[in-house]
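Structural overview
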Amino acid sequence: MTKKEIQSIFQNQKKYFFSGKTKEIDFRIECLKKLKEVLISNENLIYEALYTDLKKSPTESYNTEFGAIIEEINFAIKNIKKWTRAEKVKTPLLLMPAKSSVLSEPYGVCLIIGAWNYPFALSFCPLIGSIAAGNCAIIKPSEVAPNSSKIIAKIIQESFNKEYISVIEGNAKTTTLILEEKLDYIFFTGGTEIGKIIAENAAKKLIPYTLELGGKSPCIVEEDADIEMAAKRIVWGKFLNAGQTCIAPDYVLANNRIKPQLNFAIKKNIIKFYGSAPEESPDYPRIINKKHFERLEKLIKGNILFGGKTKKNDLYISPTIIDNVKWSDEIMKDEIFGPLLPILEYDSLASIVKEINDREKPLALYIFAENKWAQEYIIKNTSSGSVCVNATILQTVNPNLPFGGVGNSGIGSYHGKHSFDTFSHKKAIMSKSSWPELDISYPPYKGKLKILKKIWGNK
Ligand code: NAD
């Protein structure tokens, strides 16, 4: 798309926003309902696109994308009236008589930049927050999942006028052109390095933003954990979408007293889920493209306990366990974002807390332990976007929990009410009455300081 076309979309959206239509609550509800209807009518096309881009099975696509989007829409429709009501707050005595409230107002035109690994969820879930909050939106899906990008554009075209919500397909150059506009909000999902470029662009124009980034999410398995259960849940969370999940357990930290049992149980569960030839399993996805395949293939070295098989022409990398990994190994440098699971062992929780804290803050952190002390010790002494105890991934499914990172793993959060809040400016409103008042705050100030301090409660 040319710069002129992008400018025209942006200006028309600005005009539409100022018409006030998007702020009407009934309009927002109607739009959410319309989106749901069009999504449902395109359900099979969504599954086909995800299969073509990632060889994702319809069940996994439903579980991690389609179903999650529909749930977000239902939750927003159910709660929107409550969310949009101005929140009354107390007013201090000195300011009386007056009323105070906080009003959630839409920003205007929001840009939503998506990633390719969950292309539908990462475009539509933020969009639901944007609609609920009363904004116009431009969506830039990832060009790396081209079939999904096309279907996202089709769904939006069938649901809304361009003046309200548009999809602009394209690569980094297109995104750069969109970023030249004076947007009112930027919501970005992607890698940390591109996140920094987005933040730099936003800072130049003081545009508020959210960054949903990635990182290396540790998964700790303590000696008193239910090993069979832990292995099953780790294997599911790691090899879902062939490991191309931002909150996948990136690596396992196994207590050295249970590591042999854990390794055995992990292997057993991989075979149980995908068979002894996972390339033949209809449930095991592929790597998104050659570039990522080659990046991952280079990391397959060391003590390969299981898997390690690759097929370049099919972009297949088998579920792989690498044992006896050290913190200094190459695989421990960057987010893996693929089906390779390094296992590191530890002796004391204190030693791994130090290692975790010496690195960038993770997006998610997993602990498998029955002992409450160990759970709390890890939660209190580390920082991460989220923590999930005795499970993986599921913390993102609860609409009452914020989903987002901290530091290098992101800024801001969304899901459920948090999406509405993210796409809303919280406007403080004070309404004074014209009744007579004490002239204590007005000049001349002589003799008023003591009284003022007393009224504010300061001695
Ligand atoms: P990416 O950063 O390469 O791309 C994300 C988006 O940015 C794409 O739409 C792309 O077109 C655009 N982009 C790329 N280069 C750009 C540039 N120079 N200027 C402006 N825009 C540019 O990320 P990806 O490869 O699509 O996704 C993988 C990363 O995303 C991983 O690190 C993963 O952890 C993270 N991720 C995070 C979440 C989350 O919710 N926190 C979800 C999914 C993925």
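These figures come from a predicted structure and were not determined experimentally.

Attention now moves to the site of the ligand. The environment of the ligand is made up of 25 residues, and the closest members are Trp 116, Lys 140, Glu 143, Leu 213 and Glu 335. One of the side-chain N or O atoms of Lys 140 is found 2.8 Å from an oxygen atom in the ligand. Contact distances for the ligand include 2.8 Å between an oxygen atom and a backbone N or O atom of Gly 191. Here the ligand has 850 Å² of accessible area as a free molecule, and 88% of this is covered by the chains. Looking at the shell around the ligand, the elements that each hand over two or more residues are α7 (172-179), β6 (185-189) and α8 (192-205). Looking at the shell around the ligand, its residues break down into 13 nonpolar, eight polar and four charged.

All right, on to the sheet that holds strand β18 (residues 424-432) then. Either a parallel or an antiparallel arrangement is found when strands of a sheet pair, and the pairing is made through backbone hydrogen bonds. The three strands lie next to each other as β1-β2-β18, forming an open sheet whose pairing is antiparallel. Strand pairing shows two members of the sheet lacking a second neighbour, β1 (87-89) and β18, which therefore form its edges. Averaged over all neighbouring strand pairs, the angle between strand axes comes to 25°, with direction disregarded. Taken together, the nine bridges between strand β2 (residues 98-106) and β18 define a ladder with antiparallel strand orientation. The residue bridging Val 102 from the neighbouring strand is Ala 428, located in β18.

How big an interface is tends to be stated in terms of accessible area lost as the parts join. By the assigned domains, the protein splits into domain 1 (3-213 + 410-426) and domain 2 (218-404). If you average the C-alpha positions of domain 1 and of domain 2, the two centres end up 30 Å apart. Facing the 22 residues of domain 1 at the interface are 24 residues of domain 2. Surface buried jointly by domain 1 and domain 2 totals about 1900 Å² across both partners, of which 55% is contributed by carbon and sulfur atoms. For the interface between domain 1 and domain 2, the tally reads zero salt bridges.

It is worth spelling out the nonpolar core at this point. The biggest cluster of nonpolar side chains holds 133 residues, and the ones touching the most others in it are Leu 35, Leu 39, Phe 120, Phe 124, Leu 127 and Val 221. Here this core gets 10 residues from one element, more than from any other, and that element is helix α5 (residues 119-133). The contacts of Phe 120, once residues within four sequence positions are left out, are Ile 46, Ala 49, Leu 50, Glu 65, Ile 69, Cys 125, Ser 148, Ile 151, Ile 152 and Ile 155.

Further remarks concern α8. Here α8 is 14 residues long and its end C-alpha atoms lie 20 Å apart, about the 20 Å a rise of 1.5 Å per residue gives. Within the sequence span of α8, burial applies to Thr 192, Gly 195, Ile 198, Ala 199, Asn 201 and Ala 202. Buried-residue contacts for α8 involve β3 (109-113), α7, β6 and β7 (209-212). Just downstream of α8, Leu 206 is the residue with a positive phi angle, here 50°.

With that out of the way, let us pick up the pattern of salt bridges. All told, the structure shown has 23 salt bridges when counted by the stated rule. Where Asp 250 meets Lys 216, a salt bridge forms, and the shortest distance between an N and an O atom there is 2.6 Å. Here Asp 250 is found in the loop between α9 (227-239) and β9 (251-255), whereas its partner Lys 216 is found in the loop between β7 and β8 (218-221), with 34 residues between them in sequence. By the burial criterion, Asp 250 is buried, and Lys 216 matches it. In this structure, a network of salt bridges that share partners links the residues Glu 223, Arg 257 and Asp 347.

Across the sheet, seven strands lie side by side as β10-β13-β14-β9-β8-β15-β16; this open sheet has mixed pairing. Edge strands, defined here as strands with exactly one partner in the open sheet, are β10 (303-306) and β16 (386-389). The mean inter-strand angle of the sheet, taken between neighbouring strand axes irrespective of direction, is 25°. Of the strand pairs in this sheet, β8 and strand β15 (residues 364-368) are connected by three bridges, and their pairing is parallel. Note that in β15 the partner of Cys 219 across the bridge is Tyr 366.

Remark: helix α3 (residues 43-54) packs on helix α4 (residues 58-84), axes separated minimally by 10 Å, with the N-to-C direction vectors making an angle of 105°. One element, α3, and the other, α4, form an angle in the roughly perpendicular class. Touching Glu 43, Ile 46, Tyr 47 and Leu 50 of α3 are Pro 58, Ser 61, Tyr 62, Glu 65 and Phe 66, all from α4. Here the residues of the contact of α3 with α4 sort into six nonpolar, one polar and two charged.

What counts as what
- Residues numbered from 1 in each chain as written.
- Predicted model: local features only at pLDDT ≥ 70, side-chain atom pairs only at ≥ 80, totals over all residues.
- Heavy atoms only, no water.
- Near = heavy atom within 4 Å.
- Polar contact = N/O pair within 3.5 Å; in protein donor to acceptor, adjacent residues only side chain to side chain.
- Areas by Shrake-Rupley, 256 points an atom, 1.4 Å probe, with all protein chains shown as cover.
- Helix = DSSP H or I, 4+ residues; strand = E, 2+ residues; numbered from the N terminus.
- Nonpolar A, V, L, I, M, F, W, Y, C, P; charged D, E, K, R; others polar.
- Pairing = 2+ DSSP bridges.
- Axes fitted to C-alpha atoms, helices over the stretch in contact; angles between N-to-C directions.
- Domains from an automatic or database assignment.
- Contact = heavy atoms within 4.5 Å.
- Buried area = accessible area lost by both parts, 1.4 Å probe.
- Salt bridge = Lys/Arg side-chain N within 4 Å of Asp/Glu carboxyl O.
- Core = buried A, V, L, I, M, F, W, Y, C linked by side-chain atoms within 4.5 Å.
- Buried < 20%, exposed > 50% of the residue type's maximum accessible area, 1.4 Å probe, protein only.
- Expected span 1.5 Å × (residues − 1).
- Parallel < 35°, antiparallel > 145°, perpendicular 65-115°, else oblique.

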